[in-house]
Each structure stands twice: as structure tokens, then as C-alpha cells.
Amino acid sequence: MRPAFALVVLAGLAAVQPARAATVFINDPGVTVTSIGNLVMGAKYRVSPTNFDLSLDSGGGTQNVPGGANFISTNLGNLAALNNVSFDFTLRNIVGQGMIFSVTSPANVTSTLVWGSFAPALSPAATASAAQLRAASATGETPGTLLSPGQLAMNALHLEVSSRVRPLAAPNNYAPVVSLSNLAFSATGAAVRGSVITAQTVTPATNLTNPNFPEVGSGFASQWLVTTGHFWDFGWVLSGRINAQLNSITGNIGQIDEWVKFGVSGKQVAFTGGVPEPQSWAMMIAGFGLVGAAMRRRRALPA
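Residue positions within a chain follow its written sequence, with the count starting from 1. Local features in this predicted model are restricted to residues whose pLDDT is 70 or higher, and side-chain atom pairs enter the listing and the counts only when it is 80 or higher, whereas totals over whole chains, interfaces and linings include all residues. Computation of side-chain values: all heavy atoms of the structure, hydrogens and water removed.

1. Some remarks on the overall build of the protein
Phase 1: Labels follow the DSSP assignment, with helices taken as runs of H or I lasting at least four residues and strands as runs of E lasting at least two, numbered in each case from the N terminus. Along its length, the protein carries three helices and 19 strands.
Phase 2: Summed over all atoms, the accessible surface of the protein reaches about 14000 Å², with 56% contributed by carbon and sulfur. In these tables, accessible area is a Shrake-Rupley quantity obtained with a 1.4 Å probe, and a residue counts as shielded only by the protein chains included in the view.

See below:
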């Protein structure tokens, strides 16, 4: 192959594989999560009559690990303060600094959990904060290891609403209805394809089929955001409103903490699909054209 011809072919191949910003695919039916690897981050609001209601963890759910807990948390109030009360929430990633999870009550009281190191310091100060959180086994790291935001790869955000009835002895019972509304996602430094489902109402009878990953059963609804990059590497904001109703309460329902909740789990997954941006298709076509032209020119040259 002549040197000039090789250079033209390489130029064409470079056009076929353009450097571009990450793309976030939201509820894209063409994207399938084929396997779930490490769990990297969790933000959760739950209706807890006896314990904390808001938490931010380093992956794997809230649990105690060697050296302490893998999460920070705060309590929003007793059952009367939570039942059928709408809270506005925001989950924000600031590149190179960390994660902020905040919830605002109808009385305009904001509770904020912060994982990371921020400069300048956040104002007002967070309700609870940690520069590092300890690892659970689901992260793939040695349990108890201190982790900073961005230390582990994270290419998926899994949103899940749970509205289930905990098995209780008669006559103890309740009928939950969890509603998600005004949901929105925006990103800076990444392309976004698709959109979030802005409103969902979930009861114990809800049984939605998710096109991205078949993990949904009765009492659940979920959404998937998957990126070709990593969610730590660009700024993004997920916001919305959550309302949980516990209807027809009879007797003592006890701890229903993990049965009625809304959460966002950051994960590292394997996935297939994802259609290139229109400009990428144009560059690919142009690249193939360059390669074809070079090949025709080479055939036309005298031996």
C-alpha cells in the first residue's frame, strides 16, 4: 500500500470513529442491560415509621460494614409527617466534587445529604455529609474500604418506585400508593437521547414490564438511564416529586421501611444497543466515502 493511500485510509477510518461526548440513553427500547455488575451509589426516600427516611450510600443499599456504616442519613419525621405528603427532590452530580441529594417539604424545609468534597463549601450547610463512605461488598471492593465519589465506574442510573405490602399478621394491614411526578433529567457535557417517564403511580397490583431489563415485578416501576461514558464525568441533575400514601391502616404496621420507597441506584452494567447521534452517522458516511474514493484512485493509478 502506497504511503499516501495509507494516510487517506487512516483519515477515513478516523472519521468513522469520531471522538464525541458521552450519550445518555433514557428508557430507550433499543438499549438492553444484559448484566449488572458493581453497585456504586444509592439515593433513597422511604416511608419509615421508626427510622431514617432519607439516605445516600456508596452502593449496595444502606448497611453496616467493617468500620461503620456505608451511608449517611436523616429523619424527616414520623408517619404522620410522611403519609400523603409530597416532597420535591433533587439528585445532583458536580464533576470532581461529589453527589448532593436534597428533599424539600411542603413547609419549604430542605434536608440535604452530601457525599464528597466541595469547594467552595455548600451553602446552606448539608444536614449530613461525608467526604468518603465505606464500601459494601456489592461495590466489588473490600468491605469497609473508604470510597470517594467517582472512584468506581458508574454507567447506569436505575430509578425504582416500590409500593408493596409487607406480610403482616391479621388484622395489621395497609394499602400503599406511591406517586412520582414532575420527573426531569438534564445533563451538561453529554448528549441525551430519550426522556424520563415524568409521572408514575404505583400500587401493589402494578406490574410493569421494563424494555431495558426484565427485573420489574408486582408493586414496582422502574426506569433506566444508561450512558456510553460514566455518570461521574459530566454534570447532571435528576429532579421530581414523590408522594406516598398509606391508606386503610389497621393495627400495627411496624417497619415498612424497604417496602414503600423511591430510590436511585448507580451501577456499572453491560448493555447492548445505543444508536449513534445523527452527526455521527454523517461522519461515518463521509469516512466510508473517503475510503472508497481512495480505493478507486488507487485502482486508477498505473502499475
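Having put the structure on the table, let's press on.
2. Digging into the sheet that holds strand 7 (residues 85–94)
Phase 1: Paired strands, in this sense, are two strands between which DSSP finds at least two bridges. The mixed open sheet is built from seven strands, whose spatial order is 10-9-8-7-18-14-16. Each edge of the sheet is formed by a strand with only one pairing partner; in this case those strands are strand 10 (128–130) and strand 16 (200–202). Between one strand and the next, the sheet's axes are offset by a mean angle of 15°, whatever the strand orientation.
Phase 2: One ladder, built from nine bridges, connects strand 7 with strand 18 (residues 235–250); its direction is antiparallel. Only the stretch in contact is used when fitting a helix axis, every axis being a line fitted to C-alpha atoms; angles between N-to-C directions are given from 0 to 180 degrees.

3. Comments concerning the packing of aromatic side chains
Phase 1: Centres within 6.5 Å are what make two rings of Phe, Tyr or Trp a pair, Trp counting through its six-membered ring; a difference in plane orientation under 30 degrees is then read as stacked, over 60 as edge-to-face, and the rest as tilted. With the rule as written, the count across this model stands at eight aromatic pairs.
Phase 2: Ring geometry for Phe-52 against Phe-71: centres 5.2 Å apart, planes inclined by 35°, an arrangement best described as tilted. Residue Phe-52 is found in the loop between strand 2 (32–46) and strand 3 (54–57), and its partner Phe-71 is found in strand 6 (residues 71–74); the two are separated by 19 residues along the sequence. Per residue, the accessibility class of Phe-52 equals that of Phe-71, and both read buried.
Phase 3: Ring geometry for Phe-89 against Phe-262: centres 4.9 Å apart, planes inclined by 40°, an arrangement best described as tilted. Taken as a pair, Phe-89 in strand 7 and Phe-262 in strand 19 (residues 260–272) lie far apart in primary sequence, 173 residues in all. A single burial state applies to Phe-89 and to Phe-262, both of which are buried.
Phase 4: Here Arg-46 stacks its cationic end above the ring of Phe-52, 4.0 Å away from the centre of that ring. Only protein chains enter the accessibility calculation, which uses a 1.4 Å probe. A residue is then buried if its area is under 20% of the maximum for its type, exposed if over 50%, and partly exposed in between. Only when the NZ atom of a Lys or the CZ atom of an Arg is both within 6 Å of the ring centre and within 35 degrees of the ring normal do we say a charge sits over the ring.

4. Details of the pattern of salt bridges
Phase 1: Every case where a carboxyl oxygen of Asp or Glu lies within 4 Å of a side-chain nitrogen of Lys or Arg is listed as a salt bridge. Within the structure shown, the criterion is met by five salt bridges.
Phase 2: In this structure, Asp-88 engages Arg-241 in a salt bridge whose closest nitrogen and oxygen atoms are separated by 2.7 Å. In this pair, Asp-88 is assigned in strand 7 and Arg-241 in strand 18, connecting sequence segments 153 residues apart.
Phase 3: Taking the relative accessible area as the measure of exposure, Asp-88 reaches 32% and is therefore partly exposed.
Phase 4: The class for Arg-241 is partly exposed, based on a relative accessible area of 31%.
Phase 5: Bridged by salt links that share partners, the residues Lys-44, Arg-46, Asp-257, Glu-258 and Lys-261 form one connected network.

5. Concerning unusual backbone geometry
Outside of glycine, negative phi angles account for most residues, and trans bonds account for most peptide bonds.
Phase 1: The omega torsion of the bond from Ala-119 to Pro-120 falls at 0°, within 30 degrees of zero and hence cis.
Phase 2: A cis amide bond, omega 0°, links Ser-123 with the succeeding residue Pro-124.
Phase 3: Despite not being glycine, Asn-182 shows a phi value in the positive range, around 55°.
Phase 4: Turning to its location among the elements, Asn-182 is positioned in strand 14 (residues 173–188).

6. Details of the sheet that holds strand 13 (residues 156–163)
Phase 1: Read across the sheet, eight strands follow the order 6-3-2-19-13-17-1-15 without closing on themselves; strand pairing throughout is mixed. Every interior strand has two partners, whereas the edge strands, strand 6 and strand 15 (191–194), have only one. Ignoring strand direction, the axes of neighbouring strands in this sheet form an average angle of 25°.

7. Observations concerning the nonpolar core
Phase 1: In this structure, Leu-157 and Phe-185 are the most contacted members of the largest nonpolar core, which totals 55 residues.
Phase 2: The contact rule is simple, with two residues in contact once any of their heavy atoms fall within 4.5 Å. Contacts of Leu-157, omitting those with residues within four sequence positions, involve Met-41, Phe-185, Gln-223, Trp-224, Leu-225, Phe-231, Trp-236, Val-264, Ser-265 and Gly-266.
Phase 3: What makes a nonpolar core is a set of buried Ala, Val, Leu, Ile, Met, Phe, Trp, Tyr and Cys residues whose side-chain atoms join them at distances within 4.5 Å. Grouped together as the second largest cluster of nonpolar side chains are eight residues, Val-31, Val-33, Trp-224 and Val-269 included.

8. Overview of the environment of Ser-48
Phase 1: As for its position among the elements, Ser-48 is in the loop between strand 2 and strand 3.
Phase 2: Its relative accessible area of 1% is what places Ser-48 among the buried residues.
Phase 3: Linking Ser-48 and Leu-82, residues 34 residues apart in sequence, is a C-alpha distance of 8.4 Å.
Phase 4: Among residues more than four places away in sequence, those in contact with Ser-48 are Asp-53, Gly-77, Leu-82 and Asp-257.
Phase 5: At 2.8 Å, the side chain of Ser-48 forms a polar contact with the side chain of Asp-257. Within 3.5 Å is the distance limit for a polar contact, defined as a pair of N or O atoms, with the added protein rule that one can donate a hydrogen and the other accept it, and that residues adjacent in sequence qualify only through two side-chain atoms.

9. A short note on the confidence of the model for the protein
Close inspection of predicted coordinates is inappropriate for parts of the model with low pLDDT.
Phase 1: Of the residues in the protein, 84% reach a pLDDT of 70 or more, and the chain-wide mean stands at 87.
Phase 2: pLDDT under 50 marks residues 3–19. Its contacts with residues more than four places away, or in other chains, come to 19 contacts.
Phase 3: Confidence of the predictor at the level of single residues is captured by pLDDT, which takes values from 0 to 100. Below pLDDT 50 for its whole length, residues 280–288 participates in 12 contacts with residues either more than four positions away or in separate chains.

10. Examining the environment of Trp-232
Phase 1: Looking at the secondary structure, you find Trp-232 in the loop between strand 17 (220–227) and strand 18.
Phase 2: The spatial distance from the C-alpha of Trp-232 to the C-alpha of Pro-149 is 7.5 Å, given a sequence separation of 83 residues.
Phase 3: Excluding its chain neighbours within four sequence positions, the residues that come into contact with Trp-232 are Val-40, Asn-93, Val-95, Met-99, Trp-115, Pro-149, Gly-150, Leu-152 and Met-154.

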